[in-house]
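Fold and contact review
Here is how the chains run, residue by residue.
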Amino acid sequence: MAADVFTLNGRETPFTPGQTILEAAGAAGVRIPTLCHLEGTLPTGACRICVVEVEGARTLLAACTTPAAAGMQVHTESPRVVAARKTILELLLASGNHNCAAVAGDGARWTDFQLRVAQTEKTADLCPAWGDCRLQELAFQYQVHAGTYAPPDAGPDLEDVNPMIVRDLSRCILCGRCVKACNEVQVNKAISFGYRGSRTRIVAAGDRPLIESDCVFCGECVQACPVGALVERKAGYAWRPWKAERIRTTCPYCGVGCQQWLHVQDGKIVKVTGVEEAAPNRGRLCVKGRFGYDFIYSPDRLRTPLIREGEDFREASWDEALDLVAERLKAVIAAHGPDAVAGVSCARSINEDSYQMQKLFRAAIGTNNIDHCART
Ligand code: FES
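What counts as what
- Residues numbered from 1 in each chain as written.
- Predicted model: local features only at pLDDT ≥ 70, side-chain atom pairs only at ≥ 80, totals over all residues.
- Heavy atoms only, no water.
- Phe/Tyr/Trp six-rings, centres within 6.5 Å; stacked < 30°, edge-to-face > 60°.
- Helix = DSSP H or I, 4+ residues; strand = E, 2+ residues; numbered from the N terminus.
- Buried < 20%, exposed > 50% of the residue type's maximum accessible area, 1.4 Å probe, protein only.
- Pairing = 2+ DSSP bridges.
- Axes fitted to C-alpha atoms, helices over the stretch in contact; angles between N-to-C directions.
- Salt bridge = Lys/Arg side-chain N within 4 Å of Asp/Glu carboxyl O.
- Patch = residues over 30% accessible without salt bridge, like charges linked within 9 Å, V, L, I, M, F, W, Y side chains within 5 Å.
- Areas by Shrake-Rupley, 256 points an atom, 1.4 Å probe, with all protein chains shown as cover.

1. Things to note about the packing of aromatic side chains
Taken as a whole, this structure holds two aromatic pairs when the rule is applied. Both rings, one in Tyr 253 and one in Phe 295, keep their centres 6.0 Å apart while their planes meet at 80°; by these two values the pair is edge-to-face. Residue Tyr 253 is found in the loop between β11 (245–250) and β12 (259–265), and its partner Phe 295 is found in the loop between α7 (287–291) and β14 (306–309); the two are separated by 42 residues along the sequence. For Tyr 253, a relative accessible area of 6% puts it in the buried group. Residue classification places Phe 295 among the partly exposed residues on the basis of a relative accessible area of 28%.

See below:
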């Protein structure tokens, strides 16, 4: 056997030294479920859902923290692994307020639940992450429902005072992805694990609301949350993944060119997320890129050019407005030279448009009086 090869579900599989079993399996197209793993951050092995069976090892090992090694014999879906994952899922479902369909175990209750959901989506029984929840997805995949272990009595643990984010810590599974997203991805260091043992919870600024902490509301934690513990206030119940289409676009704010997914339902943007697999942002967005899309639907938004006439403005066509600007620029340049005019491009323009603007002023008009507005 070659040095950098291990056996994965009976198949010889190459790996790069330093790769974990999870990474090597992913490169070979073998999917191992994860909950706490967050690409680009240090693995913590917190949730254990990625456990695999390694022949000769005393216990099941977390694929996300165990390096692949030559000669290793790994099984990702053996009966022992599946039994362990089922128990882990049962414990997670019993750990908090996971009152989603995964809880409705038998057929009759499942139908009841579906009917209630169809009648009113904004029921207290329905998690806002319904249909977009990794725990729910895995519960279905491994045919697990709650009930084996007694859930806590506590109801929702809502923090509803923040401008963009609603936190319900009763739905939190303590995977720590939000902490990694905040501390390692965005490096804002606003949230962390607090307390100890069974009282452990995610806290900000000594367990105060996000609004009173160093949080900049970039929403990276919301994007990282695999359950319904962190949801966008605006998206909330308004958004259901199976009803929305995803459209990829470039953020309209600064010139960095961050890649976004627009989640569009009934012709309206209901949520924005970062594109994980694309540069330059690799899934990251700032507060404006993630939450600042309301202006699109503002009734105050200018939709046609306006031409000033005395104290008032009147609507005009683009042709009329551009002809007027060209005529006035020509008149000023003819009278006072090209340095008598200047151009200021919008900071929300894409780089290509800003480039064309400076080209127009430098090459066509003949002045270096060109800048862009830094305020967004
Ligand atoms: Fe490996 Fe959570 S994904 S322990």
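2. A few points about the sheet that holds β11
Pairing is antiparallel across the open sheet formed by three strands, whose spatial order is β11-β12-β13. Edge positions in the open sheet fall to β11 and β13 (268–274), since each of these has one partner strand only. Looking at each pair of strands side by side, their axes are set apart by 30° on average, direction ignored.

3. Quick word on the pattern of salt bridges
Summed over the entire model, instances satisfying the criterion amount to 14 salt bridges. Residue Glu 77 pairs with Arg 85 through a salt bridge whose shortest N-O separation is 2.9 Å. For Arg 85, a relative accessible area of 0% translates into the label buried. As a salt-bridge pair, Arg 314 and Glu 320 come within 2.5 Å of each other at their nearest N and O atoms. By relative accessible area, Arg 314 is classed as partly exposed at 29%. Several salt bridges converge on common partners, so that one network encompasses Arg 31, Arg 134 and Glu 137.

4. Digging into a nonpolar patch on the surface
A cluster of nonpolar side chains, contributed by Leu 302, Leu 306 and Phe 313, occupies part of the molecular surface with about 330 Å² of accessible area. Summarising the element assignment, Leu 302 is placed in the loop between α7 and β14.

Function cannot be inferred from these measures alone, as they are strictly geometric.
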